[in-house]
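Coordinate analysis (summary)
Chain by chain, the residues:
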Amino acid sequence: IGLVIADVTNPFYGDIIKGAYEAAREAGYQLILTHTNESPEVERQTIEHELAQVDGIVIASSRMSDSALRMVAKRKAVVLLNRTIPEAACVLNDADRGIHQAAEHLAGLGHERITYLAGPAASWSDGVRWRALREAGAALGLDVRRVGPNEPNVLAGLGAARRIAGLDTTALLAYNDQLAIGAMKGLRKLGIAVPREISVIGFDNIMVDELVEPQLTTIASPLYRMGFTGVQNCIAVALGAR
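Everything in this summary refers to the structure shown in the same document. Every chain is numbered on its own, with residues counted from 1 as its sequence reads. Per-residue local features are limited, in this predicted model, to residues with pLDDT of at least 70; the limit for side-chain atom pairs, both in listing and counting, is 80 or more; totals at the level of whole chains, interfaces and linings are taken over all residues. Hydrogens and water molecules were not included; the side-chain quantities draw on all heavy atoms of the structure.

1. A closer look at the environment of Val237
Considering the arrangement of structural elements, one finds Val237 in helix α8 (residues 223-238). Sequence separation between Val237 and Gly56 is 181 residues; the distance between their C-alpha atoms is 8.0 Å. Here a strand is any run of E in DSSP of at least two residues, a helix any run of H or I of at least four, and the numbering for each starts at the N terminus.

Here it is as structure tokens:
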């Protein structure tokens, strides 16, 4: 089974990889891991190269277009993580619910304006999270705005801090924890106290969150379970299950 991820250096994928390896091992399959450096072109080339070597492919956070994914799904068993198309099996977290709970939490703290620190332009999950925040903002009477797109890493969050500081906002919801951590560091360098002057919430609950001071509030994703379930479902599809 091939496992294709966007960036092997991103700690978000660590538990996904662990879950995928465990599911493959239990079923007697070998897992082939590749990463695409956040590039839809590299992703497509990688998958084309692997198709003849694997029984199925699990693609985590695909950056390819829907039409390109449909073509792959016609040729091989495919399971998508954090992405959905009708032609393939998909494993998703409940981002809508998590974003709404985060917005309710911020509203309960008295915040009226929330800035969304966006992720990559090609990220399907980014669109889902931004849409969920707009809907939650409308329901709660919050002013919601967006900064981005950004690469999903700490350096991008650090670089976005000055733009965030120039906005009249008291709360930040980031596309992922790495962006949130970078923004926290950048805001502190600018003399803006977190959380006294601005509240920050991330997304994913990655391991490095435990090392951040002050501790990062985040929306947890069941990453290990996603990897495990994705490979289980891919094997089932490859064996003919519908």
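Here the narrative resumes, following the displayed structure.
2. Some points on empty space enclosed by the protein
Using a grid of 1 Å spacing that covers the protein atoms alone, one calls a set of points a cavity when a 1.4 Å probe fits there but cannot get out, and a pocket when the set is open and has protein on both sides within 12 Å along at least five of seven lines; lining residues are those with an atom within 4 Å of a point. Grid points are joined across faces, edges and corners, and a volume is the space filled by probe spheres set on the points. Applying the stated criterion to the full structure yields one cavity of 30 Å³ or more. Looking at the largest cavity, its volume works out to about 100 Å³. Forming the boundary of the largest cavity are 13 residues, of which Phe12, Tyr13, Ser61, Tyr175 and Asp204 lie nearest the centre. Counting only elements with at least two residues in the lining of the largest cavity, the list comes to α1 (12-27) and α5 (124-140). Nonpolar residues are Ala, Val, Leu, Ile, Met, Phe, Trp, Tyr, Cys and Pro. Charged residues are Asp, Glu, Lys and Arg, and all others, Gly as well, are polar. Across the lining of the largest cavity, the residue classes break down as four nonpolar, five polar and four charged.

3. Thoughts on the sheet that holds strand β1 (residues 2-5)
With parallel pairing, the five strands of this open sheet are ordered in space as β2-β1-β3-β4-β5. Across the chains shown, the open sheet's two edge strands, defined by having one partner strand only, are β2 (32-35) and β5 (89-91). On average, each strand axis in the sheet is inclined to that of its neighbour by 20 degrees, with strand direction left out of account. Sheet topology places strand β3 (residues 56-60) next to strand β4 (residues 77-81); five bridges connect them, and they run parallel. Looking at β4, one finds that Val58 is bridged to Val79. Sheet strands in contact with α1 are β1, β2, β3 and β4, and its direction is about 175 degrees off that of β1. Paired strands are those between which DSSP finds at least two bridges. Only the stretch in contact is used when a helix axis is fitted, and all axes are lines through C-alpha atoms; the angle between N-to-C directions ranges over 0 to 180 degrees. By definition, residues are in contact when any of their heavy atoms lie within 4.5 Å.

4. A word on the environment of Tyr29
Turning to its location among the elements, Tyr29 is positioned in the loop between α1 and β2. Residue Tyr29 is classed as partly exposed on the basis of its relative accessible area, which comes to 24%. Sequence-wise, Tyr29 and Asp55 are 26 residues apart; in three dimensions their C-alpha atoms are separated by 9.4 Å. With residues near it in sequence (within four places) discarded, Tyr29 still touches Ile1, Ala24, Asp55, Ile235 and Leu239. Under the scheme applied here, a residue whose accessible area is under 20% of the maximum for its type counts as buried, over 50% as exposed, and between as partly exposed, the area being computed with a 1.4 Å probe on protein chains only.

5. Regarding the packing of aromatic side chains
Here is the rule: rings of Phe, Tyr and Trp (six-membered ring for Trp) pair when centre to centre is within 6.5 Å. Planes less than 30 degrees apart are stacked, more than 60 are edge-to-face, and the remainder are tilted. Enumeration according to the criterion identifies three aromatic pairs in this entry. On the basis of an interplanar angle of 25 degrees and a centroid distance of 6.3 Å, the ring pair of Tyr224 and Phe228 is categorised as stacked. A residue pair is termed a helical-turn pair when its members lie 3 or 4 positions apart in one helix, as Tyr224 and Phe228 do in helix α8 at four residues. Looking at Phe228, the relative accessible area reads 7%, which means it is buried. It is Arg129 that lies over the ring of Phe203; its NZ or CZ is 3.7 Å from the centre. In our convention, an over-ring charge means Lys NZ or Arg CZ found within 6 Å of a ring centre and within 35 degrees of that ring's normal.

6. Describing the nonpolar core
Side-chain atoms within 4.5 Å link the members of a nonpolar core, which is a set of buried Ala, Val, Leu, Ile, Met, Phe, Trp, Tyr and Cys residues. Membership of the largest hydrophobic core comes to 41 residues, with the highest contact counts inside it found for Leu117, Leu133, Ile164 and Leu173. At the level of secondary structure, the elements contributing two or more residues to this core comprise α4 (95-108), β6 (113-117), α5, β7 (143-147), α6 (154-165), β8 (171-174), α7 (177-189) and β9 (199-204). It is α7 that contributes the most residues to this core, six residues altogether. Other than its neighbours up to four places away in sequence, Leu173 contacts Ile99, Ala102, Ile114, Thr115, Tyr116, Leu117, Leu133, Ile201, Gly202 and Ile219. Judged by nonpolar contacts, the second largest core, of 24 residues, contains Ile16, Ala60, Leu223 and Ile235.

7. Thoughts on the side chain of Arg83
Within the fold, Arg83 resides in the loop between β4 and β5. In this structure the side chain of Arg83 is engaged in a polar contact, spanning 2.7 Å, whose partner is the backbone oxygen of Met64. Contacts of Arg83, omitting those with residues within four sequence positions, involve Ser62, Arg63, Met64, Ser65, Asp66, Leu69, Cys90, Leu92 and Trp124. For the purposes of these results, a polar contact is taken to be a pair of N or O atoms within 3.5 Å, where, inside protein, one atom must be able to donate a hydrogen and its partner to accept one; residues adjacent in sequence count only when each atom of the pair is a side-chain atom.

8. Re the packing of α1 against α8
Describing two packed helices takes the angle between their axes plus the distance from one axis to the other. The geometry of α1 relative to α8 is characterised by a closest axis approach of 6 Å and an angle of 40 degrees between their N-to-C directions. As the angle between them shows, α1 and α8 are arranged oblique. Pair α1 / α8 crosses with right-handed handedness. Taking contact as the criterion, the partners of Phe12, Asp15, Ile16, Lys18, Gly19, Ala20, Glu22, Ala23, Ala24, Glu26 and Ala27 in α1 are, on α8, Leu223, Tyr224, Gly227, Phe228, Val231, Gln232 and Ile235. Looking at side-chain class alone, the contact of α1 with α8 contains eleven nonpolar, three polar and four charged residues. Roughly parallel means an angle under 35 degrees; roughly antiparallel, over 145; roughly perpendicular, 65 to 115; everything else is oblique. Note on convention: the crossing is left-handed when the near helix lies turned anticlockwise from the far helix by less than a right angle, right-handed when the turn is clockwise.

9. Here we look at the pattern of salt bridges
When a carboxyl oxygen of Asp or Glu is within 4 Å of a side-chain nitrogen of Lys or Arg, the pair counts as a salt bridge. Counted according to the given criterion, the structure contains eleven salt bridges. Where Arg63 meets Glu38, a salt bridge forms, and the shortest distance between an N and an O atom there is 2.7 Å. You can see Arg63 sitting in the loop between β3 and α3 (66-75) and its partner Glu38 sitting in the loop between β2 and α2 (40-50), a full 25 residues away along the chain. Of the two residues, Arg63 and Glu38, both sit in the buried class. We note a salt bridge from Arg113 to Asp168, for which the minimum N-O separation is 3.6 Å. Linking Arg113 in strand β6 with Asp168 in the loop between α6 and β8, this pair joins segments that are 55 residues apart in sequence. Assessed through its relative accessible area of 23%, Arg113 is described here as partly exposed. Bridged by salt links that share partners, the residues Glu112, Arg113 and Asp168 form one connected network.

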